Amino acid sequence: MLLHSISFFLCRWQSPPALLGAKNKRTGTEGQKEQEMETYVLQTRSGDEVKLKETLDMTIVPEVPGTKVYILKKKVRFRKKDGWIDSVKRLFPGYLFVDTPDIISFNNRLQTAEIGKMKRLLGVENEKITPVTPDEQMMIHRLCGDKKMADVSFGVKDGNRILFTRGPLVGMEGLVKRVDRHKRIVQLDMEFFGSTRTVTLAAEIMNGVIKTEEPTLARKPEITKENSTGLEGQK
């Protein structure tokens, strides 16, 4: 369900074999068949993510072997009087992610557990529960890696072209729709569970010369005019 342009950039990047797709094989107890580990999305109120995760880790997670609940995060940078400081925020406020080989058991316990937080598993229709697609899972891993956190990206701007040289956005220049060099952020669109979401990530972009012909932008990003000369202190 991701944007069609994502496929082009993903094909240029080879994921480690164990991370291809949203499914991984996990062996159950003796006499049981191998179960597929898949990723699901759990919605809650923005601000309740940490408390809900802690509650699930103490109640449901131990009862469903192989299950892990986590929050995707991102590094951000704030400007203060004495300079820029790094901090951490939620990548998708109001959402938790569940890796489990047995979503039916997890959901059954979720519905009956006395948890005083709003929680709703996405993709539930009749008796079927739809997981995150392989492309979405690959995109999540591109951005957040094993640490479940999107790091700061570094890049070069040459006219209307941008080349990321380090960080999660390397090879994903064509997805960038807006650049704000004053706030040191870039924005890109992702389609997630049937809706388009604008994701804001931290990025340090300097003026420079891009010698290679690729990558070229799939669309011209909006670049904040008052900062077109570069980062603070640069000419």
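Residues numbered from 1 in each chain as written. Predicted model: local features only at pLDDT ≥ 70, side-chain atom pairs only at ≥ 80, totals over all residues. Heavy atoms only, no water.

A.B. asks: Would you mind going over the pattern of salt bridges with me for this structure?
C.D. replies: When charged atoms on two side chains of opposite charge get close, those side chains can pair. Counted by the stated rule, this structure contains nine salt bridges. With a shortest N-O distance of 3.5 Å, Asp 189 and Lys 177 are connected by a salt bridge. Of this pair, Asp 189 sits in strand E14 (residues 185–192) while Lys 177 sits in strand E13 (residues 176–180), and the two are 12 residues apart along the sequence. Residue Asp 189 is classed as buried on the basis of its relative accessible area of 14%. Beyond isolated ion pairs, a larger network of salt bridges with shared partners links Arg 77, Asp 86, Arg 184 and Glu 204. (Salt bridge = Lys/Arg side-chain N within 4 Å of Asp/Glu carboxyl O. Helix = DSSP H or I, 4+ residues; strand = E, 2+ residues; numbered from the N terminus. Buried < 20%, exposed > 50% of the residue type's maximum accessible area, 1.4 Å probe, protein only.)

A.B. asks: Quick question: what am I supposed to make of the pairing of strand E12 (residues 161–166) here?
C.D. replies: Where a strand is regular, its side chains alternate between the two sheet faces. Across five bridges, the pairing between strand E11 (residues 153–158) and E12 is antiparallel. Across the sheet, the residue bridging to Asp 158 is Arg 161, located in E12. Following E11, the chain reverses through two residues before pairing antiparallel with E12; Gly 159 in that reversal takes a positive phi of roughly 65°. (Pairing = 2+ DSSP bridges.)

A.B. asks: Hey, could you run me through the packing of aromatic side chains in this one?
C.D. replies: The relative placement of two aromatic rings is captured by the distance of their centres and the angle of their planes. Scanning the entire structure with this criterion turns up two aromatic pairs. Between the aromatic rings of Tyr 70 and Phe 97, the centroid separation amounts to 6.0 Å while the plane-to-plane angle is 15°, which identifies the pairing as stacked. With a gap of 27 residues between them, Tyr 70 in strand E3 (residues 68–70) and Phe 97 in strand E6 (residues 95–100) connect regions that are remote in the sequence. The exposure classification of Tyr 70 matches that of Phe 97, with both residues buried. The ring of Phe 154 carries Arg 166 above its face, with NZ or CZ at 4.1 Å from the centroid. (Phe/Tyr/Trp six-rings, centres within 6.5 Å; stacked < 30°, edge-to-face > 60°. Lys NZ or Arg CZ within 6 Å of the ring centre and 35° of its normal.)

A.B. asks: Looking at this model, I keep getting lost on helix H4 (residues 134–144). Mind explaining?
C.D. replies: Each α-helix turn comprises 3.6 residues. Residues three or four places apart therefore point the same way. For H4, a buried count of nine out of 11 residues is recorded, marking the element as mostly surrounded by other parts of the structure. Taken together, the buried positions of H4 are occupied by Glu 136, Gln 137, Met 138, Met 139, Ile 140, His 141, Arg 142, Leu 143 and Cys 144.

A.B. asks: Before we go on, may I ask you to explain the nonpolar core in this structure?
C.D. replies: Generally speaking, soluble globular proteins have nonpolar side chains that are buried together. Among the nonpolar cores identified, the biggest contains 29 residues, and Val 186 and Leu 201 are the most heavily contacted of them. Elements with a minimum of two residues in this core: E6, H4, E12, E13, E14 and strand E15 (195–207). In contact with Val 186, not counting residues within four places along its chain, are Phe 164, Leu 169, Val 176, Arg 178, Val 179, Val 199, Thr 200, Leu 201, Ala 203 and Ile 205. Residues Leu 52, Leu 56, Val 61 and Phe 106 belong to the second largest nonpolar core, which totals 17 residues. (Core = buried A, V, L, I, M, F, W, Y, C linked by side-chain atoms within 4.5 Å. Contact = heavy atoms within 4.5 Å.)

Remember, this is a structural readout, not a statement about activity or role.
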